[in-house]
Amino acid sequence: MKRKKRIATVSLAGCFGCHMSLLDMDEHILELMELAEFDRSPLTDFKTFSRRCDIGVIEGGCCNEENVHTLQEFRKHCDVLVAVGQCAIMGGLPVMRNAIMHSEDPLRECLEEAYSSSAKVYNPNNQIPNDAALPLLLDKVYTCAEVVKIDYQIPGCPPSGEVLWATLAALIKGEPALQEYHMIKYD
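Scope of this entry: the structure provided in the associated data block. Since this is a predicted model, take the numbers as computed values, not measurements.

## Looking at the environment of Leu81
Part 1 of the reasoning: Within the fold, Leu81 resides in strand E5 (residues 78–84).
Part 2 of the reasoning: Once the C-alpha coordinates of Leu81 and Cys53 are considered, the two residues, 28 residues apart in sequence, prove to be 9.8 Å apart.

If you want it as C-alpha cells, here you go:
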C-alpha cells in the first residue's frame, strides 16, 4: 500500500479564512483524506509535528516572535511550503500597520492607537497590554517569504476550496502546483 502524503497547516497573523476554504472543498475533502493525512494542524488540533511532512500550508503573515518561530519550524519540518492567501503572501490587512506608523517609535504609536488614543476605545487607565505571556510584537508585519523560503503561493482572500484542492492534489501527485489563470484571478 502506498504511503499517504503528510500535510501540516497553521494560521499565523490572519483571519483563519484560508483554513475555512480547506473545509470548503466539498466532496474533494473526502478525496484528500484518501490521499493524505494531516499532521500538525488546527484541523486535527495537533500542536506539534509527529514526524516530517511532505507539504506545509501556511496562512497569515508574521506580526510577532511566535509567528516567526512557528513559520521557521514549518520550514524545518516540511519538504514543500505553500503560502496561502493575501496575509501570507503580501501581509493582508495586518500589514496596514506598516504604513500608518510615522514616529520614531512606530510600534508604540500603533499600540497607543489600538489601546488608548482611538476615539472608539474605552480604556480609562490607558493601559497597553504588557504581559510576559504575550508574544513579543515585531517592528512591522512581515510576509512569509521575508522570513523563510516559500515554494508555492496561492493568492486570494481567501482562495477558493477548488483552488486549494487543485494545488494540493497536484503536489500530492508530485506535479507542479500551477493553476490556470481563470482559477486564480480576482477581478
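## A look at a negative patch on the surface
Part 1 of the reasoning: Residues Asp24, Asp26, Glu27, Glu31, Glu34 and Glu162 make up a contiguous surface patch of negative charge.
Part 2 of the reasoning: Note on placement: Glu27 falls in the loop between helix H1 (17–23) and helix H2 (28–35).

## Some words on the pattern of salt bridges
When charged atoms on two side chains of opposite charge get close, those side chains can pair.
Part 1 of the reasoning: The full count for this structure, using the stated rule, is eleven salt bridges.
Part 2 of the reasoning: The salt bridge partner of Asp45 is Lys47, with a shortest N-O separation of 2.4 Å.
Part 3 of the reasoning: For Asp45, a relative accessible area of 52% corresponds to the exposed category.
Part 4 of the reasoning: Judged by its relative accessible area of 58%, Lys47 falls in the exposed class.
Part 5 of the reasoning: In this structure, Asp151 and Arg75 form a salt bridge, with 3.0 Å as the shortest nitrogen-oxygen distance. Linking Asp151 in the loop between strand E6 (137–142) and strand E7 (152–154) with Arg75 in helix H3 (residues 65–77), this pair joins segments that are 76 residues apart in sequence.
Part 6 of the reasoning: Judged by its relative accessible area of 25%, Asp151 is partly exposed.
Part 7 of the reasoning: One network of salt bridges, in which partners are shared, links Arg6, Glu37, Asp39 and Arg51.

## Observations regarding the packing of aromatic side chains
Part 1 of the reasoning: Evaluation of the coordinates by the stated rule reveals one aromatic pair.
Part 2 of the reasoning: Look at Phe49 and Phe74: their rings are 4.9 Å apart centre to centre, the planes differ by 65°, and that puts the pair in the edge-to-face class. Residue Phe49 is located in the loop between strand E2 (36–38) and strand E3 (53–59), and its partner Phe74 is located in helix H3; the two are separated by 25 residues in the primary sequence. Neither Phe49 nor Phe74 differs from the other in exposure class; each is buried.

## Overview of the nonpolar core
Part 1 of the reasoning: By size, the foremost hydrophobic cluster in this structure holds 20 residues, and its most contacted members are Ile7, Met25, Leu32, Ile55, Val84 and Leu168.
Part 2 of the reasoning: Every element with two or more residues in this core is listed here: H1, E2, E3, E5 and helix H7 (161–172).
Part 3 of the reasoning: Broken down by element, this core gets its largest block of residues, seven residues, from H7.
Part 4 of the reasoning: Discounting residues that sit within four places of it in the chain, Leu168 has contacts with Ile7, Leu22, Met25, Leu32, Ile55 and Val57.

## Quick word on the side chain of Ser118
Part 1 of the reasoning: Looking at the element boundaries, Ser118 is found in the loop between helix H6 (106–117) and E6.
Part 2 of the reasoning: Contact partners of Ser118, with chain neighbours within four places excluded, come to Glu112 and Glu113.

## Thoughts on the sheet that holds E2
Part 1 of the reasoning: If you trace the five strands from one edge of the open sheet to the other, you get E2-E1-E3-E5-E7, paired in parallel fashion. In the strand order of this sheet, the two ends are held by E2 and E7, each with one partner. Between one strand axis and the next, the sheet turns through 25° on average, direction left out of account.
Part 2 of the reasoning: As judged from the five bridges shared by strand E1 (residues 5–11) and E3, these two strands associate in the parallel manner. Paired with Ser11 across the two strands is Glu59, which belongs to E3.
Part 3 of the reasoning: Against the sheet, H3 contacts E1, E3 and E5, and its axis sits at roughly 135° relative to E5.

## Here's the deal with the side chain of Arg40
Part 1 of the reasoning: Position of Arg40 among the secondary structure elements: in the loop between E2 and E3.
Part 2 of the reasoning: Here Arg40 sits buried without a salt bridge, and the closest side chain of opposite charge, Glu66, lies 7.0 Å off (N-O distance).
Part 3 of the reasoning: A distance of 2.9 Å separates a polar side-chain atom of Arg40 from the backbone oxygen of Lys47.
Part 4 of the reasoning: Once residues within four sequence positions are removed from consideration, Arg40 is found in contact with Ala8, Thr9, Val10, Phe46, Lys47, Thr48, Phe49, Thr70 and Phe74.

Rules and cut-offs
Once a new chain begins, its residue numbering starts again from 1 and follows that chain's sequence as written. Residues qualify for local features only when their pLDDT is at least 70, as the model is predicted, and side-chain atom pairs are given and counted only at 80 or more; totals for whole chains, interfaces and linings, by contrast, use all residues. Computation of side-chain values covers all heavy atoms of the structure but excludes hydrogens and water. Under the scheme used here, helices are H or I runs from DSSP no shorter than 4 residues and strands are E runs no shorter than 2 residues, and both carry numbers assigned from the N terminus. Two distance rules govern patches: like charges are joined within 9 Å, and nonpolar side chains (Val, Leu, Ile, Met, Phe, Trp, Tyr) within 5 Å, applied only to residues with over 30% relative accessible area and no salt bridge. The Shrake-Rupley method, run with a 1.4 Å probe sphere, supplies the accessible areas, and residue values consider only the shown protein chains as cover. In the sections that follow, a salt bridge refers to a side-chain nitrogen of Lys or Arg positioned within 4 Å of a carboxyl oxygen of Asp or Glu. Positive charges are assigned to Lys and Arg, negative charges to Asp and Glu, while His and the chain termini are left out of the count. By convention, charge coordinates are those of NZ in Lys, CZ in Arg, CG in Asp, or CD in Glu. Each residue's exposure class comes from its accessible area (1.4 Å probe, protein chains only) as a fraction of the maximum for that residue type: buried when under 20%, exposed when over 50%, partly exposed otherwise. Each aromatic pair joins two rings of Phe, Tyr and Trp (for Trp, the six-membered one) with centres within 6.5 Å, and gets the label stacked for planes under 30 degrees apart, edge-to-face for over 60, and tilted for any other angle. By nonpolar core we mean a set of buried residues, namely Ala, Val, Leu, Ile, Met, Phe, Trp, Tyr and Cys, connected to one another through side-chain atoms within 4.5 Å. Residue contacts are counted whenever heavy atoms from the two residues lie within 4.5 Å of one another. In this description, strands pair whenever DSSP reports at least two bridges between them. In this description, a line fitted to the C-alpha atoms serves as the axis of each element, helices being fitted only across the stretch in contact, and the angle between N-to-C directions of two axes falls anywhere from 0 to 180 degrees. For the purposes of these results, a polar contact is taken to be a pair of N or O atoms within 3.5 Å, where, inside protein, one atom must be able to donate a hydrogen and its partner to accept one; residues adjacent in sequence count only when each atom of the pair is a side-chain atom.

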